[in-house]
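Below are the chains, spelled out letter by letter.
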Amino acid sequence: MTIAVEHYLLVGAVLFVAGVVCMAIKRNAIGVLMGVELVLNAANINFVAFARYNLLFVLEGQVMALFTIVLAAAEAAIALAIVLNFYNNHLTVDVDAAEDLKG
Amino acid sequence: MSAEALFFWLLAVTTMGCAIAVVVTQNIVRAAVWLLFTLGGVAGLFFLLGADFVGATQIMVYVGGTLVLIVFGVMLTAQSPFVTMRAGAGEWGLTLVVGGVLVGLLAGVLFLSPWTGPQSDSAAPQSRSVALGSDPARSQTVRDLGLVLLGIREVHPNGSIPVPIRDADNNPQSVPRREIGYLLPFELASVHLVVVLVAAAYLARARRRTGSPSS
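This is a predicted model, so every value here is computed, not measured.

1. A few points about the overall build of chain A
Each helix and strand counted, chain A has 3 helices and 0 strands in total. For chain A, the sequential pattern of α-helices and β-strands runs α-α-α. In terms of C-alpha radius of gyration, chain A reaches 17 Å, well past the compact-globule figure of 13 Å for 103 residues. For chain A, the spread of C-alpha atoms along the three principal axes comes to 50 × 25 × 25 Å. Here chain A, with 103 residues, has 62% of them falling under the buried criterion. Long-range pairs, those at least 24 residues apart, make up 55% of the contacts in chain A with a sequence separation of at least 6. Accessible surface, chain A: about 3,500 Å² in total, of which carbon and sulfur atoms supply 69%. The averaged location of the 8 negative side-chain charges in chain A is 7 Å from the averaged location of its 4 positive side-chain charges.

Pasting the structure below:
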């Protein structure tokens, strides 16, 4: 069978849903971060798959994937700094405990 | 089954299984290890798609950088009640139902949608090697990516993008050359990284919580 763009999009869809479920179900803040990484990787798979299978998107898809990787690395650095700061202040990484702003 | 299909299904099943294992595992350290395999599988899919530079960047930045950062975050916060924090059974049931419906919806939409427009000829296998680079003999994408990040597009002798566009009669067509590259987003990403590094160093600086003796 021939591998078409739909098969790569299916992998991206499964990774996206896994990331969304991971963000929703994890109580550890670092687990939520892992869900965000999964969602960004799903978007990257879609970008590179379209870059392969759409001739007008050859370089653009890969450039967008590179920018996504850079932004994901920056996001992980900032989010981990925030999580460590939260852990220093509250001695927990449970996202249910982050209710200082609750009215 | 061709070699491409064999490698695709191998990598796809590995990637999807490890991504689901990230979700269902209760131990945060094991979730980090499953995430490592997921990112490696995604890098393999990139190589399979002919994006060698993006795949190498995925391995270096994600597996070598971001995942090490996450593992450090896990280690710095791995007190015994936080390593295995469980959600309730009702939350699991609701989340699995919503996730199953969402993945079914996405799969149905993407398999029912026509992805091959008139400007793409993904059915012709010989055009794929052309699509990987401007020169069929040079399949590496590093040079093209570097040039386009510097704002330069490859110039074809007849002034068109060196990608063959075929019309309905399968005759090669040329589209007008677009000269604008990605220099401005590239520089914005550079400045963004500097700002993020300064902000991360500011946020995560050594500071004891209030009330405890400073060290």
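2. As for the side chain of Thr68 of chain A
All names here are of chain A. When you line up the elements, Thr68 lands in helix 3 (residues 58-90). Here Thr68 falls in the buried class, since its relative accessible area comes to 14%. When residues no more than four places from it in sequence are discounted, the contact partners of Thr68 are Leu40, Asn44 and Phe47.

3. Overview of the packing of helix 1 (residues 5-25) of chain A against helix 2 (residues 29-53) of chain A
All names here are of chain A. Packing of helix 1 against helix 2 brings their axes to within 7 Å, and their N-to-C directions diverge by 165°. Between helix 1 and helix 2, the angle falls in the class roughly antiparallel. Like other packed secondary-structure pairs, helix 1 and helix 2 cross with a definite hand, here left-handed. Split into classes, the residues belonging to the contact of helix 1 with helix 2 amount to 19 nonpolar, 6 polar and no charged.

4. Observations concerning the side chain of Thr25 of chain B
Residue placement: Thr25 of chain B occurs in the loop between helix 1 (3-24) and helix 2 (28-48). Look at Thr25 of chain B and you get buried, because its relative accessible area is 14%. In contact with Thr25 of chain B, other than residues within four places in its own chain, are Lys26 of chain A together with Arg30, Ala31 and Trp34 of chain B.

5. Considerations on the nonpolar core
The biggest cluster of nonpolar side chains holds 68 residues, and the ones touching the most others in it are Tyr8, Val11, Leu15 and Met34 of chain A together with Leu35 and Val54 of chain B. Taken together, the elements giving at least two residues each to this core come down to helix 1, helix 2 and helix 3 of chain A together with helix 1, helix 2, helix 3 (52-76), helix 5 (89-112) and helix 7 (142-149) of chain B. Of the residues forming this core, the biggest block, 13 residues, is contributed by helix 1 of chain A. Beyond its immediate sequence surroundings of up to four residues, Met34 of chain A is in contact with Val22, Ile28, Ala31, Ala32, Leu35, Ile70 and Val74 of chain B. Ala74, Ala77 and Ala81 of chain A together with Val196 of chain B belong to the second largest nonpolar core, which has 5 residues in total.

Cut-offs used in this document
- Residues numbered from 1 in each chain as written.
- Chains lettered and ligands numbered in written order.
- Predicted model: local features only at pLDDT ≥ 70, side-chain atom pairs only at ≥ 80, totals over all residues.
- Heavy atoms only, no water.
- Helix = DSSP H or I, 4+ residues; strand = E, 2+ residues; numbered from the N terminus.
- Rg over C-alpha atoms; globule rule 2.2 N^0.38 Å.
- Buried < 20%, exposed > 50% of the residue type's maximum accessible area, 1.4 Å probe, protein only.
- Contact = heavy atoms within 4.5 Å.
- Areas by Shrake-Rupley, 256 points an atom, 1.4 Å probe, with all protein chains shown as cover.
- Lys, Arg positive; Asp, Glu negative; His and termini not counted.
- Charge placed at Lys NZ, Arg CZ, Asp CG, Glu CD.
- Axes fitted to C-alpha atoms, helices over the stretch in contact; angles between N-to-C directions.
- Parallel < 35°, antiparallel > 145°, perpendicular 65-115°, else oblique.
- Left-handed = near helix turned anticlockwise from the far one by under 90°.
- Nonpolar A, V, L, I, M, F, W, Y, C, P; charged D, E, K, R; others polar.
- Core = buried A, V, L, I, M, F, W, Y, C linked by side-chain atoms within 4.5 Å.

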